[in-house]
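Examining the three-dimensional arrangement
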Amino acid sequence: MIVNGVAIDDTFAEAFGMRATRIIITALESKWALHAANTATGFATSVIACGCEAGIERELTPEETPDGRPGVAILLFAVSSKELAKQVERRVGQCVLTAPTTACFAGMEGEPIALGRNLRFFGDGFQNSKMIGGRRYWRVPVMDGEFLCEETTGMVKAVGGGNFFVLARSQREALAAVEAAIAAMRRVRGAIMPFPGGIVRSGSKVGSKYKGLVASTNDAFCPTLRGATRSELTPEVGTVLEIVIDGVTDSDVREAMRSGLRAVCDLGMSRGILRISAGNYGGKLGQYHYKLRELLA
Amino acid sequence: MTALTLRLRESPPVSIDASTLSPPRLAGLTRARIEALELELGNRSVRVGELFDVSGDDWDNVVVENATERLMHLGAGMETGTLEVHGDAGAYLGSGMRAGRISVSGNAGIFAGCEMESGTIEIGGNVGDWLGAALPGNKQGMRGGFIHVRGHAGDRVADRMRRGVVLIERNAGAYLGSCMLAGTVIVKGGIGPQPGFGLKRGTLLLLGESRLPETFNDCGRHELLFLTLLERELRARGGLEALLPLPRCVRRYCGDLATGGKGEILLDAAR
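What you see is a predicted model, and the numbers here were worked out from it, not measured in a lab.

**Regarding the overall build of chain B**
- Summing up its helical and strand segments, chain B has four helices and 17 strands in all.
- For chain B, whose C-alpha radius of gyration is 19 Å, the value lies close to the compact-globule estimate of 18 Å for 271 residues.
- Considering only C-alpha atoms, chain B reaches an extent of 65 × 35 × 25 Å along its principal axes.
- Of all 271 residues assigned to chain B, the portion counted as buried reaches 50%.
- At a minimum sequence separation of 6, the contacts of chain B that also span at least 24 residues come to 39%.

**What to know about the packing of helix α3 (residues 171–185) of chain A against helix α4 (residues 250–267) of chain A**
Residues and elements named next belong to chain A.
- Where α3 contacts α4, the axes come no closer than 8 Å and their chain directions differ by 140°. In terms of orientation, α3 lies oblique with respect to α4. Seen along the crossing, α3 lies across α4 with a hand that is right-handed. On the side of α3, the interface is formed by A176, A177, A180, A181, A184 and M185, while α4 contributes A256, S259, G260, A263, V264 and L267.

**A short note on the interface of chain B and chain A**
- Between chain B and chain A, the residue contacts involve eleven residues of the former and 14 residues of the latter.
- Here the element with the most residues in the side of chain B that touches chain A is helix α4 (residues 225–237) of chain B; it accounts for six residues.
- Considered class by class, the residues forming the side of chain B that touches chain A number five nonpolar, three polar and three charged.

**Brief notes about the nonpolar core**
- By size, the foremost hydrophobic cluster in this structure holds 172 residues, and its most contacted members are I25 and V166 of chain A together with L131 of chain B.
- Viewed by domain, this core spans two of them, domain 1 (2–14 + 158–296) and domain 2 (19–156) of chain A, each represented by three or more residues.
- Contacts of V166 of chain A, omitting those with residues within four sequence positions, involve A174, A177, V178, V240, L241, V264, I273 and I276 of chain A.

**Observations regarding the domain arrangement of chain A**
All names here are of chain A.
- With domains assigned, chain A is organised as domain 1 (2–14 + 158–296) and domain 2 (19–156).
- On a C-alpha basis, the centroid separation for the pair domain 1 and domain 2 is 30 Å.
- Counting from both sides, the interface comprises eleven residues of domain 1 and, opposite them, 13 residues of domain 2.

**Remarks on the pairing of strand β3 (residues 12–26) of chain A**
All names here are of chain A.
- Burial within β3 is extensive, with 13 of its 15 residues counted as buried.
- As defined by bridge partners, β3 adjoins strand β17 (residues 288–291) across four bridges and the pair is classed as antiparallel. Across the sheet, the residue bridging to A13 is Y290, located in β17.
- Where β3 and strand β11 (residues 152–168) come together, six bridges link them in antiparallel fashion. If you follow G17 over to β11, its bridge partner there is V159.
- Bridge count for β3 against strand β5 (residues 71–78) is eight bridges, and the pairing is antiparallel. Among the inter-strand pairings, R22 is bridged to a residue of β5, identified as L75.
- Bridge count for β3 against strand β6 (residues 103–106) is four bridges, and the pairing is antiparallel.

**Brief notes about unusual backbone geometry**
All names here are of chain B.
- Cis rather than trans, the peptide bond between L244 and P245 has omega equal to 0°.
- If you trace the backbone, P245 turns up in the loop between α4 and β16 (250–255).
- Look at N66: it is not a glycine, yet its phi comes out positive at around 60°.
- Assignment of secondary structure puts N66 in strand β6 (residues 58–67).
- Owing to 17 C-beta atoms within 10 Å, N66 belongs among the partly exposed residues under this scheme.
- Positive phi, normally seen in glycine, also occurs at R160, with a value near 55°.
- Among the secondary structure elements, R160 is positioned in the loop between β11 (143–149) and β12 (163–168).

**Topic: the confidence of the model for chain B**
- For chain B, the mean per-residue pLDDT works out to 96, and 100% of the residues sit at or above 70.
- If you check the scores for this complex, the pTM reads 0.93 and the ipTM reads 0.92.

**A short note on helix α1 (residues 30–40) of chain A**
Residues and elements named next belong to chain A.
- Residues A33, A36, A37 and A40 constitute the buried set of α1. Seen end-on, α1 carries its buried residues on one side only, within an arc spanning 100°.
- In this structure, the buried residues of α1 make contact with β3, β4 (53–60), β5 and α2 (81–96).

So, how was this worked out
- Residues numbered from 1 in each chain as written.
- Chains lettered and ligands numbered in written order.
- Predicted model: local features only at pLDDT ≥ 70, side-chain atom pairs only at ≥ 80, totals over all residues.
- Helix = DSSP H or I, 4+ residues; strand = E, 2+ residues; numbered from the N terminus.
- Rg over C-alpha atoms; globule rule 2.2 N^0.38 Å.
- Buried ≥ 20, exposed ≤ 12 C-beta atoms within 10 Å, placed from the backbone.
- Contact = placed C-beta atoms within 7 Å.
- Axes fitted to C-alpha atoms, helices over the stretch in contact; angles between N-to-C directions.
- Parallel < 35°, antiparallel > 145°, perpendicular 65-115°, else oblique.
- Left-handed = near helix turned anticlockwise from the far one by under 90°.
- Nonpolar A, V, L, I, M, F, W, Y, C, P; charged D, E, K, R; others polar.
- Core = buried A, V, L, I, M, F, W, Y, C linked by C-beta atoms within 7 Å.
- Domains from an automatic or database assignment.
- Pairing = 2+ DSSP bridges.
- pLDDT = per-residue confidence, 0-100.
- Arc of directions from axis to C-beta.

As structure tokens, this is what we get:
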């Protein structure tokens, strides 16, 4: 399959079941909600070493937030319910509770996990709870007033690890293509691209020659190893960049991938895009398969 | 289907326990069975049919017409449906209520909504003492739900209240929120002496004239975000325009310092 001169590999991305939650962070001004959201979703690129994968889903207008202030919706994904609960508590406790004027609310229904339930103890006995509209909120006294935090947020089964590779002639051309893809994918609700700027340059394979390393460089897609390993790259490919997608639902991942793939293909071969591929494990490990050619059909 | 309507022919000479006349207790009964139900009237029993004209067939929606303060325990322990009282209700209206909605067009007696767990009570007129309170000897009053009084309320509103919201559009009597454990009470009008006496936790939001006891300390002017959430909830319920908007900025007093000081009285800072 060739779209606008870009070869689409007959392959698929293999993704896994995860647990996810959405949290809404609000603040007096949107910049403070963004500061808190950026911090809370920082160092959350891969579950391999970060505990969770997280990102900003979108900014919210005052009309969309529970307290009528500007806000940000963030999504967090982890491999288990327990790990997700741990990450939510740590990240909200260290990055949202600490940020001036912020408040924190559940962003989705689902199995309840603690949001402010344990953070309330920071109030050292001065905290108050309020039941409003059937939901419990904690008012934790802090130095700028009160930190208002909903007791729990909802956790749902989700999908993590959707991906595709963009193979281009040069770094600049590859970067322009994935940036265009990310811009399109960020318009899809329910999906995040957890890596820096949404983009990964260090795609990995499972395992390593070194004991104890669970992942190592994806040598088959490294252009500098074309002559040193069983390479997947043709001579004209100078750079490969990957986009990883986590979604609340299977269709969110599918939609985000479709948007990204189309954006890359729209640039086409004339802009140095040669091929699109995807990462999988032979289809034996992940429950979700996203076939590139089907997505672009 | 039309609402099951019980029209009181004339006010009974003494108070009767009317707790039977609520949706779940009448569910599935034929008109004849309802008329045959016995109510306690002083030291004797009287059949529903002797006091009320019964019509309609929607057991989930019960209407009591020509009601007077002699009808006690209306909607007590109610678990579902709606109870509409045209006229006045006696003591213990909706006491121990668990769900559903009660509305009274006139006044209600003492202990309305006492120890209720959930649901909504709306009183168009005034209400007696001990609204949403605990029964004598019990440790906890209202444990959830929503009470809205359009008129005045008596003394000891929300005494030992544990959770829920009480709204009073006009004045409230003495000892408002006495020994309250948690929950929210909003009074638009004036209040009697000693509000928050023994308050342990919870919020009294007083929008009218009020004089606070010495055992409350000023914590300053603040914009409290939970009031925004509360206002949104009240707007969503509808029919509460007289109480809205809630103040953006309040003066916070913590107390009762004689009992831990973890409760709060909030006054409109703009006053």
